[in-house]
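Listed below, chain by chain, are the residues.
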Amino acid sequence: NSFVTRTNTCGELCSAHVGQKVTLYGWVQYQRQGLFLVLRDFQGLTQIIIPQDEAHSHVKELLSNAPVESVVRVTGIVSRRPLGQENPKMPTGDIEVKAETAEILNSCKKLPFEIKDFIKKSEALRMQYRYLDLRSLQLQSNLRLRSRMVMRMREYLCNLHGFVDVETPTLFKRTPGGAKEFLVPSREAGKFYSLPQSPQQFKQLLMVGGLDRYFQVARCYRDEGSRPDRQPEFTQIDIEMSFVDQAGIQRLIEGLLQHSWPEERALIMTPFPSMTYEEALAEYGTDKPDTRFGMKIMDISDVLRGSDIHFVQNVLSYPHGSIRAICIPQAVRYLTNKDLESLKESAKSQFNQEIVEIICRPDGSLKSLLTKFLGEKEQSDLIQALNMQEDDVVLLAAGEHKQVCSALGTLRLLSANLLEAAGLALRDPTAFHFLWVVDFPLFLPKAENPTELESAHHPFTAPHPSDASLLYSDPTKVRSQHYDLVLNGNEVGGGSIRIHSAEQQRFVLEEVLKENSKVLSHLIEALEFGAPPHGGIALGLDRLISLIVDAPSIRDVIAFPKSFRGRDLMGNAPDYVTPEELEPYHIQVSWPLEEKEAKKN
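A few points on the structure. Predicted model only: the values in this text are computed from it and were never measured.

### Some details on the overall build of the chain
Summing up its helical and strand segments, the chain has 19 helices and 22 strands in all. Each of the three principal axes of the chain carries a C-alpha extent, and together these read 95 × 75 × 60 Å. Counting across all 601 residues of the chain, residues that qualify as buried make up 47%. Accessible surface computed for the chain: about 30,700 Å², of which carbon and sulfur atoms make up 52%. Put simply, the chain has 67 plus and 79 minus side-chain charges, and the middle of one group is 5 Å from the middle of the other.

Written out as structure tokens, the structure reads:
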């Protein structure tokens, strides 16, 4: 209450304040029959008793007629609520304030929706009136938790471990590879800035400059469609250190998260477990495994190797052929035939992967198209290998290793969703399972041209020390010193040890990626002036907070987010500008015919 004219907030009054005269400011949450109203501010609610005596008739008239969500000032005496009328669900439920004077500071017109968390509102309407949506208890709580975590992160990095908080430029130039970047026109004809998708180059240059430890709450930009966990502009906790290895970065981040973790959430234990990219793909079918539940992908190639099943023998004759399966617990009891068909259809449509189901009957026997090709021992070995129990259903896939694992990884998550929707508790919503995924490939074949390579993450990632020689002979086999931090099946951070040799960086850009290294000449030249070994990481702040508060979208932890299509529905951005405003930038808009006609009308 410092610097303001209120004596208390609406969430702090209790029995100890009885008899005190207080002044409260807030919004009218609701009013009942001219007898009382509930006043709300950022901290909570207080019940205000509207006076009924003639001497205070003006106060009664003013408060009785105040529209919901009007801003009012109330001065009155704190009283204990009558016996039996206490409200244990409210922190201020033991008291009420008997109003003596009041003032409507700003009346509220008819609302587009009620300011209550349980009222269903379309997301478009919420974003159009975001300033009203921000009054909701949930958004207030999310933004305040976010603020507290960021403050503790600053404290940990700057005060406890000597990091320097540095702001890096927002206007820069295009970075080769990676996500699409927003262009910003300049007054020099044909020349554009780019909004950086991360401060990657700047933080490496700060290490060359000898700052040793850098940190920033960085605004970043990517010109790609919004998804539930993506925005065109987002925030990351950006970190870089000199003379550090992968283990050092991992320990730093574990300590950072423990230090800043909200007290009201389940404790997190360190060190976080770690697995390689290959292990994650083989066991979970993804590089961001949700380890809160089992249903791991099992390799049953050896179990079926001696069978007479034609497609099994055909697949196993290929170098990367594999037979794998997942076991869905209690699927007969919880999933319908329609559910199982939808799972098989998903594998077919997304991965062109056929799925065979195997059902474990109550008597322990198996029901499947495959059983007539399997002897008793093979069936017994299969049950043992997959640890099948009564009413379990196995989904089996055969084919190229990576495709099979990816398909089963997707079915594993879809199955979990179906089981939970049917009432089987599988994933603890209060649990936080962190995981490091390491040893990623340094390069991947380009989707549009598999004979060419692209960086699996970005071109500044250093090769794994054990694979350094392969960089020059067989780059497709090189592992990287990249590491991802995964939380409950979501990537919340990623980083790497960087290339600090100008010669190696030039080779990666020119010889492996076939990029024009002149675009990065400033960075390559900097590496020639005594660049220290260095590495870093970036944590996706929006995604991390959304997982901590269990929000369905990162839009629920950002004060003013963009819509699914990347638009600001409140301010109607992006918007048109006049030809006169574009002229200094040497830009003319070429309108599609239908838009030209629409603008005329």
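Next, the rest of the story.
### Description of the sheet that holds strand S4 (residues 71-80)
Taken together, five strands build a closed barrel; the order of strands is S1-S2-S3-S5-S4 and the barrel is mixed. On average, adjacent strands in this sheet sit at an angle of 55° to one another, irrespective of strand direction. Two elements, strand S2 (residues 36-40) and strand S3 (residues 45-49), share five bridges in a ladder whose sense is antiparallel. By the bridge assignment, Arg-40 is partnered in S3 with Leu-45. Running over the sheet, helix H1 (residues 57-64) touches strand S1 (21-32), S2, S4 and strand S5 (95-106) and is turned about 75° from S5.

### Section: the pattern of salt bridges
Taken as a whole, this structure holds 37 salt bridges when the rule is applied. Close ionic contact of Asp-381 with Lys-377 constitutes a salt bridge, the shortest N to O distance being 2.9 Å. Placement of the pair is Asp-381 and Lys-377 together in helix H12 (residues 376-386), with a separation of four residues, close to one helical turn. Owing to a relative accessible area of 26%, Asp-381 belongs among the partly exposed residues under this scheme. Of the charged contacts in the structure, one is a salt bridge between Asp-439 and Arg-479, with a shortest N-O distance of 3.6 Å. Remark: Arg-479 occurs in the loop between helix H14 (470-473) and strand S20 (482-487) and Asp-439 occurs in the loop between strand S17 (434-438) and strand S18 (443-445); sequence separation between them is 40 residues. The exposure class of Arg-479 is partly exposed, given its relative accessible area of 29%.

### Quick notes on helix H17 (residues 541-548)
Residues three or four positions apart in an α-helix share a direction because the helix packs 3.6 residues into each turn. With seven of its eight residues buried, H17 lies for the most part within the structure. All buried positions along H17 are accounted for by Leu-541, Asp-542, Arg-543, Leu-544, Ile-545, Ser-546 and Ile-548.

### Some remarks on the sheet that holds strand S9 (residues 213-221)
The strand order across the open sheet formed by eight strands is S6-S9-S10-S22-S21-S20-S17-S11, and the pairing between neighbours is mixed. In this open sheet, the two edge strands, each paired with only one partner strand, are strand S6 (164-165) and strand S11 (274-276). By the bridge criterion, five bridges tie S17 to S20 in an arrangement that is antiparallel. By the bridge assignment, Phe-434 is partnered in S20 with Leu-487.

### A word on the packing of aromatic side chains
By convention here, two paired aromatic rings are described through the distance between centres and the angle between planes. With the rule as written, the count across this model stands at nine aromatic pairs. On the numbers, 4.4 Å between centres and 55° between planes, the contact of Phe-172 with Phe-202 is tilted. Taken as a pair, Phe-172 in the loop between S6 and strand S7 (183-185) and Phe-202 in helix H5 (residues 200-208) lie far apart in primary sequence, 30 residues in all. Pair check on accessibility: Phe-172 and Phe-202 agree, each one buried. Ring geometry for Tyr-277 versus Phe-440: centroids 5.3 Å apart, planes at 40°, classification tilted. Here Phe-440 lies in the loop between S17 and S18 and Tyr-277 lies in helix H7 (residues 277-284), a separation of 163 residues in the sequence. Through a chain of ring-to-ring contacts, the aromatic side chains of Trp-261, Phe-272, Phe-432 and Phe-434 assemble into a single cluster. Note that Arg-427 overlies the ring of Phe-293, its terminal NZ or CZ placed 5.5 Å from the centroid.

### Some details on the packing of helix H11 (residues 337-351) against helix H13 (residues 401-421)
Put simply, H11 and H13 touch, their axes get as near as 10 Å, and they point 145° apart. The two elements H11 and H13 cross, and the hand of that crossing is right-handed. For the pair H11 and H13, contact is made by Asp-339, Leu-343, Ser-346, Ala-347, Gln-350 and Phe-351 and by Gln-403, Ser-406, Ala-407, Thr-410, Leu-411, Leu-414, Ser-415 and Leu-418, respectively. Counted by class, the contact of H11 with H13 contains seven nonpolar, six polar and one charged residues.

### Considering a nonpolar patch on the surface
On the surface, Tyr-131, Phe-560 and Met-570 cluster together to form a nonpolar patch covering roughly 310 Å² of accessible area. With respect to the helices and strands, the residue Phe-560 is situated in the loop between H17 and helix H18 (579-582).

### A few points about the nonpolar core
Ranked by internal contacts, the top residues of the largest apolar core, which has 40 residues, are Ile-239, Ile-253, Leu-257, Phe-434 and Leu-485. Listing elements by their share of this core, those giving two or more residues are helix H4 (137-161), strand S10 (233-242), helix H6 (246-260), S17, S20, strand S21 (490-497), strand S22 (534-540) and H17. Counting residues per element, this core draws most heavily on H4, which supplies six residues. For Leu-485, the contacting residues outside a window of four places in its chain are Ile-253, Leu-257, Phe-272, Phe-434, Leu-435, Trp-436, Asn-490, Glu-491, Val-492, Gly-493 and Leu-539. Of all hydrophobic cores here, the second largest spans 22 residues; its members include Leu-343, Val-393, Ala-397 and Val-404.

Scoring rules and cut-offs
- Residues numbered from 1 in each chain as written.
- Predicted model: local features only at pLDDT ≥ 70, side-chain atom pairs only at ≥ 80, totals over all residues.
- Heavy atoms only, no water.
- Helix = DSSP H or I, 4+ residues; strand = E, 2+ residues; numbered from the N terminus.
- Buried < 20%, exposed > 50% of the residue type's maximum accessible area, 1.4 Å probe, protein only.
- Areas by Shrake-Rupley, 256 points an atom, 1.4 Å probe, with all protein chains shown as cover.
- Lys, Arg positive; Asp, Glu negative; His and termini not counted.
- Charge placed at Lys NZ, Arg CZ, Asp CG, Glu CD.
- Pairing = 2+ DSSP bridges.
- Axes fitted to C-alpha atoms, helices over the stretch in contact; angles between N-to-C directions.
- Contact = heavy atoms within 4.5 Å.
- Salt bridge = Lys/Arg side-chain N within 4 Å of Asp/Glu carboxyl O.
- Phe/Tyr/Trp six-rings, centres within 6.5 Å; stacked < 30°, edge-to-face > 60°.
- Lys NZ or Arg CZ within 6 Å of the ring centre and 35° of its normal.
- Left-handed = near helix turned anticlockwise from the far one by under 90°.
- Nonpolar A, V, L, I, M, F, W, Y, C, P; charged D, E, K, R; others polar.
- Patch = residues over 30% accessible without salt bridge, like charges linked within 9 Å, V, L, I, M, F, W, Y side chains within 5 Å.
- Core = buried A, V, L, I, M, F, W, Y, C linked by side-chain atoms within 4.5 Å.

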